[in-house]
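Report on the structure
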Amino acid sequence: SIPTKDRFSVQRNNVLYVSEHYDGSIEGVLEAVRDRTGHLWYEYFRDVEIAQVLQFKPHLYGISVADERQFIQACVLASMVKEASPEIIVVMGGNFWSRITHAFQNPKLARLFDFCDAIVYREGFQPIRKLANTLDPSSASGTMWRDKDAVKINPPTSNPTDFDTLPIPIFADTQQWSPDRVYPMYTMSNCPMQCGYCAISAGSDSYLDKPRSMSPRKMAENMMALQGHRFDIQDEMFPIPRQLALGEELKRLGHSATWNCYMTVSDQLLDPAVCHKLHDAGCRPVQLGLETPHPQPPHQQGQHP
């Protein structure tokens, strides 16, 4: 019932939205920005986001792009923020950028900087802090920016951030679609599985190296400080030993909490004792990744590929 020229549909527990201009090209993005008044989210951006920008008047405005289908929305919003308040430093970041590094040498990429000042292509912990302190993209690691007509790519952060040094998150007091608050937590950079087909961890400052993770003690302390009792662990993988260790730390603090997380199917989960221990620790809903147990591709098994 929503009138739009774009693709929009509700699919089970997800909403599919794809701009009519989305074709994987920079030209498509630029056309979407030129035609932004026809974008499905234009009125929301104009009436809510831009109104808050004009009221709050930030020095720095960040937009995270986690998926390529968010790319055009991000560019439309960035263009509107920049037009409403040209002095604001508009920064785009998110995992999307680390997955398209092959496009960084495309000369057309410079056009994106007509409506943003910087793009953080790796972890944002240190670049965003540097940008907030200096408002100078040229000084921030892991950041792209434009110098006249040339795109400059700063080297990645040389000393990745230790997750145990991160401050307790501060969450906006917004309404969630649940009877109580469910806090998201991201506690590990770079999945321990290191699967060759997966690019989720590409934005990590320690990509394909040993994962950096927050200690279970620090996780439990953050949960207690937030006074939360339900959490969404957004790590690509939450291994069984980390979950059991977190449960022990929560017991030590006398704080009760449960979480949902991502795991992969393993023989350990065939052991009822392990599953009971996970439940006692606080593990509840789990999204499981399934892989074929057969070592050969389908066409080598006598099946159609």
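Residues numbered from 1 in each chain as written. Predicted model: local features only at pLDDT ≥ 70, side-chain atom pairs only at ≥ 80, totals over all residues. Heavy atoms only, no water.

Residues V265, V286, L288 and L290 make up a contiguous nonpolar surface patch of roughly 360 Å² in combined accessible area. Tracing the backbone shows V286 in strand 13 (residues 283-289). (Patch = residues over 30% accessible without salt bridge, like charges linked within 9 Å, V, L, I, M, F, W, Y side chains within 5 Å. Areas by Shrake-Rupley, 256 points an atom, 1.4 Å probe, with all protein chains shown as cover. Salt bridge = Lys/Arg side-chain N within 4 Å of Asp/Glu carboxyl O. Helix = DSSP H or I, 4+ residues; strand = E, 2+ residues; numbered from the N terminus.)

Turning our attention to the sheet that holds strand 6 (residues 143-147). Taken in spatial order, the 5 strands line up as 3-4-5-6-7 in an open sheet, and their pairing is mixed. If you trace the sheet from one side to the other, it starts and ends with strand 3 (60-64) and strand 7 (150-153), each paired once. Averaged over all adjacent pairs, the angle separating strand axes in this sheet is 25°, with direction ignored. Pairing geometry for strand 3 and strand 4 (residues 89-93), over 5 bridges, is parallel. Residue pairing in the sheet places I63 in a bridge with M92 of strand 4. Contacts between helix 3 (residues 71-84) and the sheet are confined to strand 3 and strand 4, with strand 4 contributing the most and set at about 170° to the helix. (Pairing = 2+ DSSP bridges. Axes fitted to C-alpha atoms, helices over the stretch in contact; angles between N-to-C directions. Contact = heavy atoms within 4.5 Å.)

Attention shifts here to the packing of aromatic side chains. Counted under the stated rule, the structure contains 11 aromatic pairs. Ring geometry for Y183 against F231: centres 5.9 Å apart, planes inclined by 35°, an arrangement best described as tilted. On the criterion of sequence distance, the pair formed by Y183 in strand 8 (residues 183-185) and F231 in strand 11 (residues 230-233) is long-range, its members being 48 residues apart. For the pair formed by Y183 and F231, the shared burial category is buried. (Phe/Tyr/Trp six-rings, centres within 6.5 Å; stacked < 30°, edge-to-face > 60°. Buried < 20%, exposed > 50% of the residue type's maximum accessible area, 1.4 Å probe, protein only.)

For the chain, per-residue confidence averages 90 on the pLDDT scale, and 95% of positions sit at 70 or higher. For the chain, the element scoring lowest by mean pLDDT is strand 2 (residues 14-18), at 84; helix 7 (residues 240-253) scores highest, at 98. (pLDDT = per-residue confidence, 0-100.)

Here we come to the pattern of salt bridges. For side chains bearing opposite charge, pairing can occur when the charged atoms are close. According to the stated counting rule, one finds 15 salt bridges in the structure shown. Residues E27 and K108 are paired through a salt bridge, measuring 2.2 Å at the closest nitrogen-oxygen approach. Of this pair, E27 sits in helix 1 (residues 26-34) while K108 is found in the loop between helix 4 (95-98) and strand 5 (118-120), placing the two residues 81 residues apart along the sequence. Note on E27: relative accessible area 38%, which makes it partly exposed. For the salt bridge of R122 with D205, the shortest nitrogen-to-oxygen distance reads 3.8 Å. Taken together, the residues span a long stretch of sequence, with R122 in the loop between strand 5 and helix 5 (125-134) and D205 in the loop between strand 9 (188-189) and strand 10 (212-213) at a distance of 83 residues. A cluster of three or more residues bridged by salt bridges with shared partners is formed by K5, E20 and D35.

Among the nonpolar cores identified, the biggest contains 36 residues, and F71, V81, M92, W97 and L112 are the most heavily contacted of them. Contributions of two or more residues to this core are made by helix 1, helix 2 (42-56), strand 3, helix 3, strand 4 and helix 4. The element contributing the most residues to this core is helix 3, with 9 residues. With sequence-adjacent residues up to four places away left out, L112 is seen in contact with I26, V29, F71 and W97. Within the second largest apolar cluster, 23 residues are counted, among which are I233, V274, A281 and C283. (Core = buried A, V, L, I, M, F, W, Y, C linked by side-chain atoms within 4.5 Å.)

Tracing the sequence through the fold places S204 in the loop between strand 9 and strand 10. Owing to a relative accessible area of 3%, S204 belongs among the buried residues under this scheme. Put simply, S204 and N95 are 109 residues apart on the chain and 8.6 Å apart in space, counted from C-alpha to C-alpha. Apart from the residues within four sequence positions on either side, S204 is in contact with R122, E123, S189, N190 and R212. Looking at S204, its side chain comes within polar contact range of the side chain of S189, at 2.8 Å. (Polar contact = N/O pair within 3.5 Å; in protein donor to acceptor, adjacent residues only side chain to side chain.)

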